[in-house]
Amino acid sequence: MNRRIYLDNAATTGTAPEVLKEMLPYFNESFGNPSSIYSFSRGNRTALERAREQVATAINAEPAEICFTSGGTESDNWALKGAAFATSGAKGHIITTMIEHHAILHTAEFLEDMGYAVTFLPVDEDGRVDLKDLESAFREDTFLVSVMFANNEIGTLQPISEIGRLCRERKVLFHTDAVQAVGHIPIDVKAMNIDMLSLSAHKFHGPKGVGALFMRRGVKIRNFIHGGGQEKGRRAGTENVPGIVGLGKALELSLHGMERESERQRVLRDRLIRGILEAIPHARLNGPGDGGRLPNNVNFSFIGVEGETLILDLDEAGISASTGSACSSGSLDPSHVLLAIGLDHAHSHGSLRMTLGTCTTEDDIDYVLETLPGIISRRREMSPLWEEYERPEKKVRI
Ligand code: PLP
């Protein structure tokens, strides 16, 4: 079996050939330090500024509002810690959600340990924040709200414009982790009243280890990485010029065909969802069934099947996908996202995430639909949990 179908585009994507081509000269031809003033380095500074413009254009920001980072995790850390450390006097209050990526959750918990107050908002069964919950969570001392644009496991899109409006009315900073959304769906930081936004190149066919933090002009946050005066004194360290060039190019390319490509993926996504629901009994779709999810995200729970076993079976059949449970986090805990939308442990342990990409074809989807039902039913035949679930009257009592 030589077939390889990659359905883990939310984990990472391959660097596009056009992107790689653009990056290559900056490794060994035009390798000068962009901070140097001689002519050999000037081209590198120009390349950085071009990438800054490409990123700004993609989210309707100004180039001066973009700072390059080492990726989504650093951008998230910077936004939260930078905002917290910029508050003077008493340690105030942050609002975030229970389904954020660990880059936000663990940072918020760290700040909680330092004495800041944090509210982790619950979500409904589709993974959406209720605006009324947000409104009642605001306190006198709330200085920051951080709600992700789109969830990395179940694809749920949040009501970002409404959250932005509520924060702006109260003069509270609004940060969004848009790592899964940028390059995939339209984002307008001005229209959506977003003050800070995190993005990461490797989620849209750029290289790994490079990202950006958008900070609206006038937003005051403390520096996170200290050292030299790069990025106008905001983020120290010699810039990752090839990576930043790749980030800019990848985003420009994604933006170019975004509408067409997201519609194409949406059609394939719905074909996959429909096919699974028709072919596999007791398949539970996680995340919204309506349009409120990322165009490339499919997430199911199959009771009676262990997520990791399923991933290995699919791998053997040539399909790369992921599960929300266990291995990815190196622990046996079920996904915090699936628990937050109300799944019991049995359902959250049997979850499967398939995230489509630019290379996904109709043929790939059909192959998954031919392969997956057999794997699920074989695994269920061996599962005491399934036996109990299917035929509770046969439950063995000792
Ligand atoms: N935030 C979200 C929503 C993500 O999905 C990820 C990566 O999966 C990150 C942050 C971290 O990004 P990076 O891998 O660039 O550090």
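It should be emphasised that the depicted structure is a prediction, and the values quoted were computed from it without experimental measurement.

**Remarks on the site of the ligand**
Around the ligand, 13 residues are found, and the nearest of them are T73, D177, Q180, S200 and K203. At a separation of 2.6 Å, a nitrogen atom of the ligand approaches a polar side-chain atom of D177. In the model, an oxygen atom of the ligand is placed 2.6 Å from a nitrogen or oxygen of the K203 side chain. Look at the ligand: alone it shows 400 Å² of surface, and the protein chains cover 85% of it. Considering every element that reaches the shell around the ligand, the biggest residue donor is helix α4 (residues 72–86), with 3 residues. Within the shell around the ligand, the residues separate by chemical class into 2 nonpolar, 8 polar and 3 charged.

**Brief notes about the domain arrangement of the protein chain**
Considered domain by domain, the protein chain is made up of domain 1 (5–12 + 258–394) and domain 2 (17–256). Contacts between the two partners involve 25 residues from domain 1, matched on the other side by 32 residues from domain 2. For the pair domain 1 and domain 2, the two sides together bury roughly 2,400 Å², of which 54% comes from carbon and sulfur. Area buried by domain 1 at its contact with domain 2 is led by M258, L294 and H336, which between them contribute 30% of it. Where domain 1 touches domain 2, the interface holds 0 salt bridges. Here domain 1 is connected to domain 2 by 16 residue pairs in polar contact (both at pLDDT 80 or more). Looking at the side of domain 1 that touches domain 2, the elements that each hand over two or more residues are α10 (258–279), β10 (297–302) and α12 (336–340). For the side of domain 1 that touches domain 2, the element with the most residues is α12, which contributes 4 residues. Tallied by class, the residues present in the side of domain 1 that touches domain 2 amount to 10 nonpolar, 12 polar and 3 charged.

About the cut-offs
Residues numbered from 1 in each chain as written. Predicted model: local features only at pLDDT ≥ 70, side-chain atom pairs only at ≥ 80, totals over all residues. Heavy atoms only, no water. Near = heavy atom within 4 Å. Polar contact = N/O pair within 3.5 Å; in protein donor to acceptor, adjacent residues only side chain to side chain. Areas by Shrake-Rupley, 256 points an atom, 1.4 Å probe, with all protein chains shown as cover. Helix = DSSP H or I, 4+ residues; strand = E, 2+ residues; numbered from the N terminus. Nonpolar A, V, L, I, M, F, W, Y, C, P; charged D, E, K, R; others polar. Domains from an automatic or database assignment. Contact = heavy atoms within 4.5 Å. Buried area = accessible area lost by both parts, 1.4 Å probe. Salt bridge = Lys/Arg side-chain N within 4 Å of Asp/Glu carboxyl O.

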